[in-house]
Amino acid sequence: MILEMKDVYKDFPQGDFTVNVLKHINIRVKEGDYVAIMGPSGSGKTTMMNLIGCLDNVTKGTLILDDEDVSSYTDNQLSDLRLNKIGFVFQNHELLGQKTALKNVCMPLAFAGVPKKEQIERATEALKRVGLEDRLDFKPNQLSGGQKQRVAIARAMINRPRLLLADEPTGALDSASGKSVMELFQKLNDEGTTIVMITHDADIASKAKRRAIMKDGILSSEDADLVPPYKEEAKDAG
Amino acid sequence: MRENLVEALQEIWSHKMRSFLTMLGVIIGIASIIAIVSTIKGTNDRIMKDLVGRGNNNVSIKLYQGEWEYYFDTEVPPDIAPVSEEQEKRIRETEHVEDATFYNLRTYVNNITAGTKNLSGATLYGVDDHFLNTCCYVVYKGRSFVDLDYTNCNKVALLDSTAADILFPDKNPIGQTIEIGSEPFIVVGLYQQKTEFEPNIQSLTDYETYFQEAYGTVLIPDATWPIIYSFDEPQNAFIRADETVNMSEIGKSSQTIMQECISAKESELKYTAQDLVEEAKQQQQLANSTNSLLIWVASIALLVGGIGVMNIMLVSVTERTREIGLKRSLGARKKRILAQFLTESAVLTSLGGVLGIVVGIVMAVIISKISGVPVGISVPSIVISVAFSMVIGIVFGLLPSIKAANLSPIDALRRE
């Protein structure tokens, strides 16, 4: 199982109260899956994504990534996990403005300690795959929204992660650019990359193989294989 | 590491004005310290050169009785042999010894006359054939002593210009006769220091040297010494070192060799090398202690500079929170973020240090032009300054960098 969450809870303390953002989340994502998680804003989608992406710790429950329980990993272990097994695509691309497209894509390679020459070769290759071979030395403000998002995808895929996480990848794009990004995702999934994507756009979600819906911190799906039904009685008995 | 450096330089360059203003504190601090240290070193170099080396690096070894220089009466002190040829050879062959001379000496001599003229308070040396060379004297008129003068005990004399002016104010002294304690000596030449030096009186020794020059000095071959005084008088010595730093060492070793001449174990007599290096060091310490106060004051400027750096780095961390969050989410470890900001802060202050050194040297040169204090650029102090400014960057960059590294990635990404 590439990703599995077992009864995951996430609370945020807010002054004297505690906000229960996520409640008994269960999800099982297999290798090669393409999952869309839908839901209105404020339902906890992004919080769930942060947990999967090892950017935050679960309050309760178990998080398994690539068959390993990472719930109690140290900060360094989580950093390495993000570096090697997870690729992030953010809604607003998050490219560094003062760096060229090539340098932005090189960043994770530099973190992994790849030699400079190999970094440039691999980043060039990655940008070629997203169709930006003629934009290597452009800075983000010289690129269109769709191009920026494609640079971000090239960056997310540069360390050949097992799992690609996308948080509203088309949220800030016009429909044409959005379409090209979705085609790119399809291509990556066809090549074997597992994708988990957050969106509130049913059209975009329809491109995924499976769908789940987040509402008020509870995840549900018609697909029992993806989200096993929650057994409250068993929980209470336990 | 190299990547961090490049990134740091880019970041500093992209905020040129801000970076420069931040560096200003470090620049002023380092510049003041360099200016002060250069002035101290200049003064110290001059003390060393004037007092110790006097340009010729001579160590003086004299016979002492207890605390005082031995005063020659008519009698030769007991239990003390003249320095033998073998001992002289050993001293001359010691490492770092350029040359050595052994001489007899009387000071405040009043019985040197030429006709009606009298040389009072003069200094009289009975010298060997190494004397002129060791003491860097040259004969500028007439001739020097030759081997025959020594073997035949010729009664000949060399005068310095003071003695010549007093004894022979209006005629050529060469070939004239002078009387030393009623013994006639023929003046064969006049001698002087190879290079003129201005008297710079900083110690009693200097005063004596200057005094000798003011009252006149007469040299005669040591072979003729017994004609006026007595046989086998103990000798003093000048030993010339190849370099000023070796003066103490050769002074001690030569002193030990000459000490062998004193046979009595319990003798009050003792050959003592004047350790001018030590004396100079004491004077330098005096100069240093006044100036080290100034260094403390300059250090306050550095401290203020460091706080400025910390302040700006904190601003920089806040400004770049999103960048930090992104890097962390892409898999950068905390250590990497820490290193990035530490490098930036260290590069910033090191640049300030380098600029400070340039400004400091310029300041030192200007100070020396105005006040006449010499400037000595000390390489170690430059190296230390750069290292120290780097340390300032690291120390004052630590707090902001730790703050950056400990940012939670999601909080950092969420921040606008």
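### Structural notes on the overall build of chain A
- Broken down by element type, chain A carries 8 helices and 10 strands.
- Within chain A, residue pairs in contact and separated by at least 24 positions form 70% of the contacts whose partners lie at least 6 positions apart.

### So, the sheet that holds strand β8 (residues 194-198) of chain A
All names here are of chain A.
- If you walk across this open sheet you meet the 6 strands as β6-β7-β8-β3-β9-β10, and the pairing is mixed. Of all the strands in the sheet, just β6 (86-89) and β10 (218-220) have a single pairing partner and so form its edges. Each strand of the sheet is rotated relative to its neighbour by a mean of 20°, with strand direction disregarded.
- In terms of strand pairing, strand β9 (residues 210-215) meets β10 through 3 bridges, oriented antiparallel. The residue bridging I213 from the neighbouring strand is S220, located in β10.
- The sheet strands contacting helix α5 (residues 145-157) are β6 and β7 (163-167), and the helix crosses β6 at an angle near 170°.

### What about the pairing of β7 of chain A?
All names here are of chain A.
- Of all the 5 residues making up β7, 5 are buried; the element is thus mostly covered by neighbouring parts of the structure.
- Where burial is concerned, the two faces of β7 agree: the one with L163, L165 and D167 and the one with L164 and A166 are both buried.
- Sheet topology note: the β7/β8 ladder contains 5 bridges and is parallel. Among the inter-strand pairings, L164 is bridged to a residue of β8, identified as I195.
- Remark: the β7/helix α6 (residues 175-190)/β8 crossover connection has right-handed handedness.

### A short note on the nonpolar core
- The biggest cluster of nonpolar side chains holds 109 residues, and the ones touching the most others in it are V35, V105 and V196 of chain A.
- Broken down by element, the residue count for this core peaks at 11 residues, all from helix α2 (residues 16-53) of chain B.
- With near-sequence residues (within four places) excluded, V105 of chain A lies in contact with A123, A126, L127, V151, A154, R155 and I158 of chain A.
- Counting 50 residues, the second-largest nonpolar core is a separate cluster that includes L119, A163, V218 and A273 of chain B.

### Focus: helix α3 (residues 101-111) of chain A
- Burial of α3 of chain A is extensive: 10 of the 11 residues sit out of reach of the surface.
- Buried-residue contacts for α3 of chain A involve α2 (75-85), α4 (116-129) and α5 of chain A together with α1 (2-14) and α12 (334-371) of chain B.
- A positive phi of about 75° marks G113 of chain A, the residue just after α3 of chain A.

### Brief notes about the environment of R46 of chain B
- Tracing the backbone shows R46 of chain B in helix α2.
- Sequence separation between R46 of chain B and V375 of chain B is 329 residues; the distance between their C-alpha atoms is 9.6 Å.

### Concerning the interface of chain A and chain B
- In this assembly, 18 residues from chain A lie in contact with 13 residues from chain B.
- The set of elements that each furnish at least two residues to the side of chain A that touches chain B consists of α2 and α3 of chain A.
- Here the element with the most residues in the side of chain A that touches chain B is α2 of chain A; it accounts for 6 residues.
- Here the side of chain A that touches chain B is composed, by residue class, of 8 nonpolar, 5 polar and 5 charged.

### Overview of unusual backbone geometry
- Positive phi outside glycine occurs at R160 of chain A, with the angle close to 50°.
- Tracing the backbone shows R160 of chain A in the loop between α5 and β7.
- When the 11 C-beta atoms within 10 Å are taken as the criterion, R160 of chain A is described as exposed.
- Phi at Y108 of chain B takes a positive value of approximately 55°, unusual for a residue other than glycine.
- By the secondary structure assignment, Y108 of chain B is in strand β3 (residues 97-109).

### Focus: the packing of α1 of chain B against α12 of chain B
All names here are of chain B.
- In contact at an axis separation of 9 Å, α1 and α12 are set at 60° when each is read in the N-to-C sense. In terms of orientation, α1 lies oblique with respect to α12. Considering the relative orientation of α1 and α12, their crossing is right-handed. Note on element contacts: α12 touches α1 through A339, Q340, T343, E344, V347 and L348, opposite N4, L5, E7, A8, L9, E11 and I12.

How each quantity is defined
Residues numbered from 1 in each chain as written. Chains lettered and ligands numbered in written order. Predicted model: local features only at pLDDT ≥ 70, side-chain atom pairs only at ≥ 80, totals over all residues. Helix = DSSP H or I, 4+ residues; strand = E, 2+ residues; numbered from the N terminus. Contact = placed C-beta atoms within 7 Å. Pairing = 2+ DSSP bridges. Axes fitted to C-alpha atoms, helices over the stretch in contact; angles between N-to-C directions. Buried ≥ 20, exposed ≤ 12 C-beta atoms within 10 Å, placed from the backbone. Right-handed = clockwise from strand over helix to strand, strands pointing away. Core = buried A, V, L, I, M, F, W, Y, C linked by C-beta atoms within 7 Å. Nonpolar A, V, L, I, M, F, W, Y, C, P; charged D, E, K, R; others polar. Parallel < 35°, antiparallel > 145°, perpendicular 65-115°, else oblique. Left-handed = near helix turned anticlockwise from the far one by under 90°.

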